[in-house]
Amino acid sequence: MDFSQETFRNLVNRSSDMIESWYSEKIRGKKIYENKSPAEIQKIFQIAEKNEGLNPEEVLNHLDKNLIKYSNFNPSPNYYGYITGSGNQIGILGEFLKGALNQNNLKWHSAPANTEIEKISVEWISKFIGYHNKKSAGVFVSGGSVANLMNIAIMRKMKGSDSIREEGIYKNKIMRIYVSEESHSSIDKAMDMLGLGINNLIKIKVDKDFKLDTDLLKEKIIEDINNNFLPIGVIGTAGTTNTGSIDPLNNIAKICEEFSLWFMVDAAYGGPAASLNSLKKKFEGLKKADSILINPHKWLFIPFEVACVIVKNKEHMKNTFSIVPEYLQGGTDKEERDDLMNYSIQLSKDFKALKVWMTIKTFGYEKIKKSIKKDIQMAQYAYSIVEQDPLFTPLHYPDLSIFCFKYNSNSLNVSDSLLNKKITEMIEVDGRVFLSGTKINNENVLRINCVNHRREKKDINFLFKVLKEIGEKAIKELEDN
Ligand SMILES: Cc1ncc(COP(=O)(O)O)c(C=O)c1O
């Protein structure tokens, strides 16, 4: 199946031309989203059941014409959806090189450079956010959802009965874990998948700043102990998905210590901001966590996919994930070799660390921090616009790079919630900018995620120009119906 040397070189060049043109022409293109239907996209990319192969130039021609058109081009600063990172250009090259090398990072000897580069990169990240000690270690996985699943599996193993591996959870009292009601849904999923049950994830109310209320947390733990449940851990969120709020980590750490609970921090999104001096106080307590997760594919600007699970004590991870059958015993005779399969759910694993390492090496400590800081400034700039414009109401001050606000309805017949839902839908059809919207206190609101090192004030100004245009149309449409 290999091509001639010349054909391969031409194909590589052609692909890099495509990539280069996306970045030179589309970053601030007219639209980032075309709003096509699933059927339209199926038609363009369909493959016949017994298809004949095409020559690779034709495949690339097809992609050149269609791929970006039918995608959502989230490297653009006009993309504000979910908590999607912008990626960075050296990271793209990392993905490209990684594919060519095709390393399988299951064991040290199957991917020597990969294993060591992963360890170096995880250590750098741990130090960057102030979560490092001699025993700490971690691994890269696909995303925050898998990282939450792994972290809760570690918590369950360390705080449940000794026979969990052999007997499952049945030898325990009912185990309970505590989070704020603003925590991420992947934690609920993990509770379900690990057999702990979603009803045993106790959602503690948040205060007016969307942070977990630690008085209520303590009350609930005591109540559960009195009712014969087994509290095993608390998960603080350092950067919630809705508003970027940071739970009072230090107070949570103290409560965990008092009741001998596992302290885990979901820093999937906010973690990188712990590197900023201005935010050190808000992240105080992070280093006391028994385990954390942080997603380089969000706020370290690395292209998808890469998240990171880090534990205070490497042995806890090994106790949870290491099972070595005969066919995986090769190459284990050298003690200094660490097989990453012993620390992860995954066996076969790609070389995610390359793009992380290349990003860190290329941009360095200060530039990465500066980009994180700039994203926060962009969210705060949006706040200043909203605060001064009677058309809008801010719903919180953005400590991090996420900001929620609403467009005020000036019509007696149209509620704010309905209007903001309509605006989010119309923005999607319009395609010049992309927002994903959310609900705060059960009302639809507008939400912007400013993780993107390419974003400038002019982009935020453009966003508000589009929002005002669409907001006016949305009110008219709702009133006419
Ligand atoms: C706080 C938090 N935890 C976990 C996740 C899940 O991460 P992923 O989308 O990488 O699975 C997210 C995603 O936005 C998040 O914001």
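About the cut-offs
- Residues numbered from 1 in each chain as written.
- Predicted model: local features only at pLDDT ≥ 70, side-chain atom pairs only at ≥ 80, totals over all residues.
- Heavy atoms only, no water.
- Phe/Tyr/Trp six-rings, centres within 6.5 Å; stacked < 30°, edge-to-face > 60°.
- Helix = DSSP H or I, 4+ residues; strand = E, 2+ residues; numbered from the N terminus.
- Buried < 20%, exposed > 50% of the residue type's maximum accessible area, 1.4 Å probe, protein only.
- Lys NZ or Arg CZ within 6 Å of the ring centre and 35° of its normal.
- Pairing = 2+ DSSP bridges.
- Axes fitted to C-alpha atoms, helices over the stretch in contact; angles between N-to-C directions.
- Contact = heavy atoms within 4.5 Å.
- Near = heavy atom within 4 Å.
- Polar contact = N/O pair within 3.5 Å; in protein donor to acceptor, adjacent residues only side chain to side chain.
- Areas by Shrake-Rupley, 256 points an atom, 1.4 Å probe, with all protein chains shown as cover.
- Parallel < 35°, antiparallel > 145°, perpendicular 65-115°, else oblique.
- Nonpolar A, V, L, I, M, F, W, Y, C, P; charged D, E, K, R; others polar.
- Domains from an automatic or database assignment.
- Buried area = accessible area lost by both parts, 1.4 Å probe.
- Salt bridge = Lys/Arg side-chain N within 4 Å of Asp/Glu carboxyl O.

## Considering the packing of aromatic side chains
According to the stated counting rule, one finds 14 aromatic pairs in the structure shown. Measuring from ring centre to ring centre gives 5.2 Å for Y79 and F434, while their planes differ by 10°; the resulting arrangement is stacked. Here the residue Y79 occupies a position in the loop between α3 (56-66) and α4 (89-101), and F434 occupies one in the loop between α14 (416-430) and β10 (438-440), the gap between them amounting to 355 residues. Here F392 and F405 contribute two aromatic rings whose centre-to-centre distance is 5.8 Å and whose plane-to-plane angle is 75°, an arrangement assigned as edge-to-face. Of the two residues, F392 is situated in strand β8 (residues 392-394) and F405 in strand β9 (residues 402-407); the sequence distance between them amounts to 13 residues. Each member of the pair, F392 as well as F405, carries the same accessibility label: buried. Grouped by ring-pair contacts, the aromatic residues Y383, F392, Y397, F403, F405, Y407 and F464 constitute a single cluster. Seen from the ring of Y80, R455 lies directly overhead, with NZ or CZ sitting 4.1 Å from the centre. For the cation-ring pair, K457 lies above Y381, with the distance from its terminal atom to the ring centre recorded as 5.0 Å.

## Some words on the sheet that holds strand β4 (residues 230-237)
Pairing between the strands of a sheet is mediated by backbone hydrogen bonds and can be parallel or antiparallel. With respect to topology, seven strands assemble into an open sheet ordered β1-β7-β6-β5-β4-β2-β3, the strand pairing being mixed. The open sheet has two edge strands with one neighbour each: β1 (137-141) and β3 (201-204). Between one strand axis and the next, the sheet turns by 20° as a mean value, whatever way the strands run. Of the strands in this sheet, β1, β6 (291-294) and β7 (307-311) touch helix α5 (residues 112-128), which is tilted by about 110° from β1.

## Some words on the site of the ligand
In the region of the ligand, 14 residues are neighbours, and G144, S145, T241, D266 and K298 sit closest. Between the ligand and S145, the relevant distance is 2.7 Å, taken from an oxygen atom to a side-chain nitrogen or oxygen of the residue. Between the ligand and D266 there is a distance of 2.7 Å, counted from a nitrogen atom to a side-chain nitrogen or oxygen. Burial of the ligand by the protein amounts to 86% of the accessible area it has alone, namely 390 Å². For the shell around the ligand, the elements supplying multiple residues, two or more each, are α6 (144-159) and α11 (296-299). With three residues, the top contributor of residues to the shell around the ligand is α6.

## Some words on the environment of P112
Tracing the backbone shows P112 in helix α5. The exposure class assigned to P112 is partly exposed, which follows from its relative accessible area of 33%. Taking the C-alpha atoms as reference points, P112 and D338, separated by 226 residues in sequence, lie 9.6 Å from one another.

## So, the packing of helix α1 (residues 5-26) against α3
Running from N to C, α1 and α3 cross one another at 0°; their axes reach a closest spacing of 11 Å. In terms of their interaxial angle, α1 and α3 are classed as roughly parallel. Contacts from T7, L11, R14, S15 and M18 of α1 reach α3 at P56, E57, L60, N61, L63 and D64. Of the residues belonging to the contact of α1 with α3, the class tally is five nonpolar, three polar and three charged.

## Quick notes on the domain arrangement of the protein chain
For the protein chain, the domain assignment lists domain 1 (104-349) and domain 2 (361-480). Computed over C-alpha atoms, the centres of domain 1 and domain 2 are 31 Å apart. In this assembly, 23 residues from domain 1 lie in contact with 22 residues from domain 2. Both sides together, the interface formed by domain 1 and domain 2 hides about 1,900 Å², and carbon and sulfur atoms give 70% of it. Among the residues domain 1 hides against domain 2, the three largest losses belong to N242, W299 and F301. Together they make up 31% of the total. Where domain 1 packs against domain 2, one counts two salt bridges. K211 is the salt-bridge partner of D399, the closest N and O atoms lying 3.9 Å from each other. Linking domain 1 with domain 2 are eight residue pairs in polar contact (both at pLDDT 80 or more). Listing elements by their share of the side of domain 1 that touches domain 2, those giving two or more residues are α5 and α11.

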